[in-house]
Amino acid sequence: MSIKSYEEMDGIALDVMREIGSIGTGNAATVLSSLVGQKVKMTVPEIEIKDFNDTITLLGGPEDVVAAVLVQMSEDIQGTMLFLLRMEFVNAVLKQIIGKEVKNYSDLHEMEISVLTEVGNIMISSYTNAISTLSGMTIHLTVPAIAVNMLGGILSVPMAEMGYETDKLMLINGKLILNEVKHDSTILMLPDIESLNRLMSKLVGDYSG
Amino acid sequence: MKLARQEGTLITYALGSCIGITLYDPNIKLGALIHIMLPNATGANAGNVFKFADTGIRETLRKLAAFGGVKSRYVCKIAGGAQMFEMTGGGSIGNIGQRNIDSVKRTLQAEGIRIKNQDVGANYARTMLLDVSTGKVAIRTIGKPEITL
């Protein structure tokens with residue numbers, strides 16, 4: 001009694017993901033507030049399950065440049081988490097943390113890259129902590145990796161990683177409010193299907209998809 | 001997979017760890033552009049043959065032949081297979097691009113097709129364009145001038 005792909009998740013399963021999204025978002029806002037030294041608010045996030053091309057359309061164009069932080073999960077949950085940082089948000093956090101802004105992605109050097117990697121890592125950990133806390137499952141995270149490049153190329157990485165199981169991506173999409181400016185906050189949460197079934201059986205009991 | 005005759009430009013955007021493969025028959029100006037994501041088709045999820053290097057290339061060759069293409073005339077170029085994220089301490093994600101490159105080359109070799117030119121590996125995404133009227137292949141990347149393969 002289990003599901004074979006993200007799109008088979010029913011209302012109950014999606015409610016669970018939404019709860020993880022909300023708790024993760026709350027954690028993220030708290031940690032980000034202390035990092036940037038001011039209050040950060042976040043809207044209640046939406047869970048979206050979309051195929052590759054629709055995901056790109058939702059987030060921009062395939063050749064749009066973005067920064068992205070990627071972490072792989074192992075132990076009780078296996079899979080990938082990816083956090084996207086767009087230029088406005090990049091500058092908002094750089095300004096608060098190191099008092100600096102950049103004009104282009106090509107102006108991001110070692111210091112800025114290091115700060116953005118840490119911000120991405122904090123965002124991702126906020127969500128994996130939410131999963132661990134709710135389910136009691138242990139999640140080990142790899143050292144975060146960052147890429148600054150075309151959106152399509154970046155998204156192809158988790159897509160290929162999941163490619164033998166599903167053609168869909170699961171997104172947690174919300175807004176981060178920093179200095180009264182709203183920024184898109186997009187996390188790709190991609191447990192493999194076996195892990196997702198394990199998670200659901202922990203949180204929903206006799207979950208049958 | 002996209003296919004065109006005589007005129008038009010075939011484009012695939014932002015190849016990361018994926019690979020774009022162009023096959024072009026200059027005599028009849030017949031061109032195909034394949035965008036593969038994974039090295040090999042396995043039984044479980046082989047629904048879309050063009051997602052995989054092995055089945056994608058073979059199915060494209062079959063289609064090209066149906067349109068009058070002659071294998072010995074094909075000019076083949078490949079691009080992509082980047083490692084977008086540098087994973088410290090390994091992890092399975094790191095080498096998918098390289099595994100794609102290996103599978104594409106192995107499949108083409110088995111089909112007796114020589115790769116005329118390539119732009120593979122490194123750590124950035126590529127957009128690949130095939131001009132079907134000339135057979136010219138262009139590669140677009142971020143922060144670098146467009147190159148011709």
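Per-chain numbering applies: the sequence of each chain, read as written, is numbered from 1 onward. As they are written, the chains are lettered A onward and the ligands numbered 1 onward, keeping that order. Note on the predicted model: pLDDT of at least 70 is required for a residue's local features to be given, and 80 or more for side-chain atom pairs to be given and counted; whole-chain, interface and lining totals, by contrast, use all residues. Side-chain figures throughout are based on the complete set of non-hydrogen atoms in the structure, without hydrogens or water.

## What to know about the interface of chain A and chain B
And then number 1: Contacts are residue-level and defined by heavy atoms, with any inter-residue pair within 4.5 Å sufficient. Listed per partner, the contact involves 29 residues of chain A and 30 residues of chain B.
And then number 2: Counting each side, the surface lost to burial between chain A and chain B is near 2300 Å², with a carbon and sulfur contribution of 66%.
And then number 3: The rule for a salt bridge is simple: a side-chain nitrogen of Lys or Arg has to be within 4 Å of a carboxyl oxygen of Asp or Glu. Counting every contact that joins chain A to chain B gives two salt bridges.
And then number 4: When the shortest N-O distance is used, the salt bridge between K51(B) and D167(A) registers 2.6 Å.
And then number 5: The term polar contact refers here to a pair of N or O atoms within 3.5 Å; inside protein, the definition further demands a hydrogen-donor-capable atom paired with an acceptor-capable atom, and it admits residues adjacent in sequence only when both atoms are side-chain atoms. Counting across the interface, chain A meets chain B through eight residue pairs in polar contact (both at pLDDT 80 or more).
And then number 6: Residue assignment for the side of chain A that touches chain B shows that the elements contributing at least two residues are β3 (65-75), β4 (79-85), β6 (145-150) and α5 (151-162) of chain A.
And then number 7: Looking at the side of chain A that touches chain B, the element that brings in the most residues is α5(A), giving eight residues.
And then number 8: Under the convention adopted here, Pro, Cys and the residues Ala, Val, Leu, Ile, Met, Phe, Trp and Tyr are nonpolar, Asp, Glu, Lys and Arg are charged, and Gly plus all remaining residues are polar. Within the side of chain A that touches chain B, the residues separate by chemical class into 16 nonpolar, nine polar and four charged. The term buried area refers to how much accessible surface (probe radius 1.4 Å) is lost by two components on association, counted for both of them together. In this text, helices come from DSSP runs of H or I with a minimum length of four residues, and strands from runs of E with a minimum of two, each type numbered from the N-terminal end.

## Quick notes on the nonpolar core
And then number 1: Within the largest apolar cluster, 96 residues are counted, with the highest numbers of intra-cluster contacts made by M9(A), M17(A), L82(A), L85(A), M123(A), I154(A) and F85(B).
And then number 2: Once residues within four sequence positions are removed from consideration, L85(A) is found in contact with V66(A), A67(A), A68(A), V69(A), V90(A), Y105(A), L116(A) and V119(A).
And then number 3: Ranked by size, the runner-up nonpolar core spans 18 residues in total, among them I19(B), I21(B), I57(B) and V104(B). The nonpolar core is taken to be a set of buried Ala, Val, Leu, Ile, Met, Phe, Trp, Tyr and Cys residues, with the residues joined through side-chain atoms within 4.5 Å. We call a residue buried when its accessible area falls under 20% of the maximum for its residue type, exposed when it is over 50%, and partly exposed in between, using a 1.4 Å probe and counting protein chains only.

## As for the sheet that holds strand β7 (residues 126-131) of chain B
All names here are of chain B.
And then number 1: With antiparallel pairing, four strands are arranged side by side in an open sheet as β2-β7-β8-β9. Because the sheet does not close on itself, it has two edges, and the strands there are β2 (9-15) and β9 (147-148).
And then number 2: Two strands form a pair only when DSSP identifies at least two bridges running between them. Pairing between β7 and strand β8 (residues 137-140): four bridges, direction antiparallel. Opposite L130, over in β8, you have V137 as the bridge partner.

## Some thoughts on helix α3 (residues 87-98) of chain A
Residue and element names in this part refer to chain A.
And then number 1: Helices are assigned an expected span. That span is 1.5 Å times one less than the residue count. If you check α3, its first and last C-alpha atoms are 16 Å apart, about what 12 residues at 1.5 Å a residue would give, namely 16 Å.
And then number 2: Every buried residue belonging to α3 is among M87, F89, V90, N91, A92, V93 and L94, and all of these are buried.
And then number 3: Buried residues along α3 sit against α1 (11-36), β4, α4 (110-135), β7 (168-178) and β8 (181-191).
And then number 4: G99, located one to two residues past α3, shows a positive phi value of around 60°.

## Digging into the sheet that holds strand β5 (residues 75-80) of chain B
Residue and element names in this part refer to chain B.
And then number 1: Read from one edge of the open sheet, five strands run β1-β4-β3-β5-β6, paired in mixed fashion. Of all strands in the sheet, those bounded by a partner on one side alone are β1 (2-5) and β6 (115-120). Each strand axis lies, on average, 10° off the axis of its neighbour in the sheet, ignoring direction.
And then number 2: Sheet topology places β1 next to strand β4 (residues 30-36); four bridges connect them, and they run antiparallel. What sits directly across from R5, in β4, is L30.
And then number 3: Its contacts with the sheet put helix α1 (residues 53-66) on β1, β3 (19-25) and β4, and the angle it makes with β4 is roughly 165°. In this analysis an axis means a line fitted to C-alpha atoms, helices contributing only their contacting stretch, and an angle means the value between N-to-C directions, from 0 to 180 degrees.

## Quick word on the pairing of β5(B)
Residues and elements named next belong to chain B.
And then number 1: In terms of burial, β5 is largely enclosed, as five of its six residues are buried.
And then number 2: Note: β5 against β6, five bridges, orientation parallel. Within β6, the position partnered with A79 by the bridge is D119.

## Regarding the packing of α1(B) against helix α2 (residues 96-110) of chain B
Residue and element names in this part refer to chain B.
And then number 1: In the contact formed by α1 and α2, the axes pass within 9 Å of each other and the chain directions differ by 40°. By the angle class used here, α1 and α2 are oblique. Note on packing geometry: the crossing formed by α1 with α2 is right-handed. Here α1 contributes A53, D54, I57 and R58 to the contact with α2, which in turn contributes S103, V104, T107 and L108. An angle below 35 degrees is read as roughly parallel, one above 145 as roughly antiparallel, one from 65 to 115 as roughly perpendicular, and any other as oblique. In a left-handed crossing the near helix is turned counterclockwise from the far helix by less than a right angle, and in a right-handed crossing that turn is clockwise.

## Regarding the environment of Y127(A)
All names here are of chain A.
And then number 1: Within the secondary structure, Y127 is located in helix α4.
And then number 2: Its relative accessible area of 2% is what places Y127 among the buried residues.
And then number 3: Residues Y127 and V36 lie 91 residues apart in sequence; the distance between their C-alpha atoms is 19 Å.
And then number 4: The contacts of Y127, once residues within four sequence positions are left out, are I20, G21, G24, T25, M42, M81, I172 and I187.

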